Amino acid sequence: MQERIYLSPPHMGGSEEGLTQEAFASNWIAPLGPFVDRFERALGDFLGGKHVCATCSGTGALHLGLLVLGVSKGDRVYCSDFTFSATANIIRYCQAEPVFIDSDWATWQMDPALLEAALERDKRENHLPKAVIVVDLYGISANFDAISPICEKYGVPILEDSAEALGSSYRSKKCGCFGRVAGFSFNGNKIITTSGGGAMVSDDEALVKRARFLATQAREPRPYYHHYEIGYNYRLSNILAALGCGQMEVLPERVSARRRICADYRRLLGDIEGLSFMPEPEGAESNCWLTVIQLDPGKVKLSPDELRLRLEAENIESRLTWKPMHLQPVFESAEIFGGDVCRTIFERGLCLPSGSALSAAQQERICEIIHKVLLG
Ligand SMILES: Cc1ncc(COP(=O)(O)O)c(C=O)c1O
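Small disclaimer: the values here were computed from a predicted structure and weren't measured. (Residues numbered from 1 in each chain as written. Predicted model: local features only at pLDDT ≥ 70, side-chain atom pairs only at ≥ 80, totals over all residues. Heavy atoms only, no water.)

**Student:** Even after reading the chapter, I still don't get the sheet that holds strand β9 (residues 198–202), so can you show me in this structure?
**Tutor:** Taken together, the eight strands give an open sheet; going across it, the order is β1-β9-β8-β5-β4-β2-β3-β14, and neighbouring strands pair in mixed fashion. Looking at which strands have only one partner, the edges of the open sheet turn out to be β1 (51–55) and β14 (335–337). Across the sheet, the mean angle separating the axes of adjacent strands is 20 degrees when strand polarity is ignored. Alignment of strand β5 (residues 158–161) against strand β8 (residues 181–185), held across three bridges, turns out to be parallel. Following the sheet pairing, Glu160 is matched in β8 by Ala182. Relative to the sheet, helix α5 (residues 112–124) contacts β2 (76–80), β3 (97–101), β4 (131–135) and β14, its axis offset from that of β2 by approximately 170 degrees. (Pairing = 2+ DSSP bridges. Helix = DSSP H or I, 4+ residues; strand = E, 2+ residues; numbered from the N terminus. Axes fitted to C-alpha atoms, helices over the stretch in contact; angles between N-to-C directions. Contact = heavy atoms within 4.5 Å.)

**Student:** Would you explain the site of the ligand in this entry?
**Tutor:** Close to the ligand lie 16 residues, the nearest being Gly58, Thr59, Asp161, Glu164 and Ser185. Separating an oxygen atom of the ligand from a side-chain N or O atom of Glu164 is a distance of 2.6 Å. Mapped by element, the contributors of at least two residues to the shell around the ligand are α3 (58–68) and α4 (85–93). Here the shell around the ligand takes three residues from α3, the largest share from any one element. When grouped by side-chain class, the residues that make up the shell around the ligand number five nonpolar, eight polar and three charged. (Near = heavy atom within 4 Å. Polar contact = N/O pair within 3.5 Å; in protein donor to acceptor, adjacent residues only side chain to side chain. Nonpolar A, V, L, I, M, F, W, Y, C, P; charged D, E, K, R; others polar.)

Right under this line is the structure:
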């Protein structure tokens, strides 16, 4: 059996081990410490001068995002339907109500027309949402040219879920800079990793200060432990931040590697009728976190899951796309605007191995197998 090819494994650059050892040597083993400050600065600088609160997970970062936007019990929060469950779970953490918005076919991202229809209706009915969570899906920026002015018109802030999109941009503006607040993930399968980690970012220093306060148990600045609010234990450890500092050094290389891999998939699989790729809309420059294909059931003889199993038999990991939130039993009571586009993408989509260390030989092997199974 050939060596396993994973979907998106961690890819160390070289300096991570030395930096974590430095953290050990200084005995900054406890959460927080100088590497957390350094990691936050590196990320903030990369994003063009953002304030950053590093966290122990992307989910924690996004949860803090909703909290600093003031979301609380009974509020409505709009959310991209086509996403990972963490995006929507955080709404429930706040005891708020999710309302899901379908994607459009042009981008596979939140449909601006449906968003506007939902806002218009909710304005009429006097229950506008407290926030809109817009996901930059699979590393590609959402259509902010359309979405941002709509949210501005109704006075509703955007929480940008850029968990998958560090290093991507849209019309030269980096992902994570479109929301009033944004969240990133550094879990093991992301473009860079701290093994587990995340960051909440904003232009608004006061919001980031508030996030830090909530992330450290809402502890009041007194000599004894004193609390007016419920806090969380969400800060990143100094050891993991050291890893993150090393990973930040290689971020641009990781982005170009994944972009090259995506371009090679397009070149090597472009001749298969009925196989197409997730669109990269004009103006969007994706980090190509995962390359996603779509199989037209009228033209291709295998379903995405059958193709996944055929790849698995060759020790290659691929993954079905996110199952839309409105189809999740846990969210069955939530309202959905649209829903057919996400459902159809889910039925047709497959994520291909996209790790930045994937070799040309490995990728050719994957594409040969796909050719054989779909055309043979
Ligand atoms: C779109 C999206 N949102 C949120 C998360 C949550 O991030 P984490 O796993 O770091 O908590 C992830 C990744 O897992 C994700 O892909």
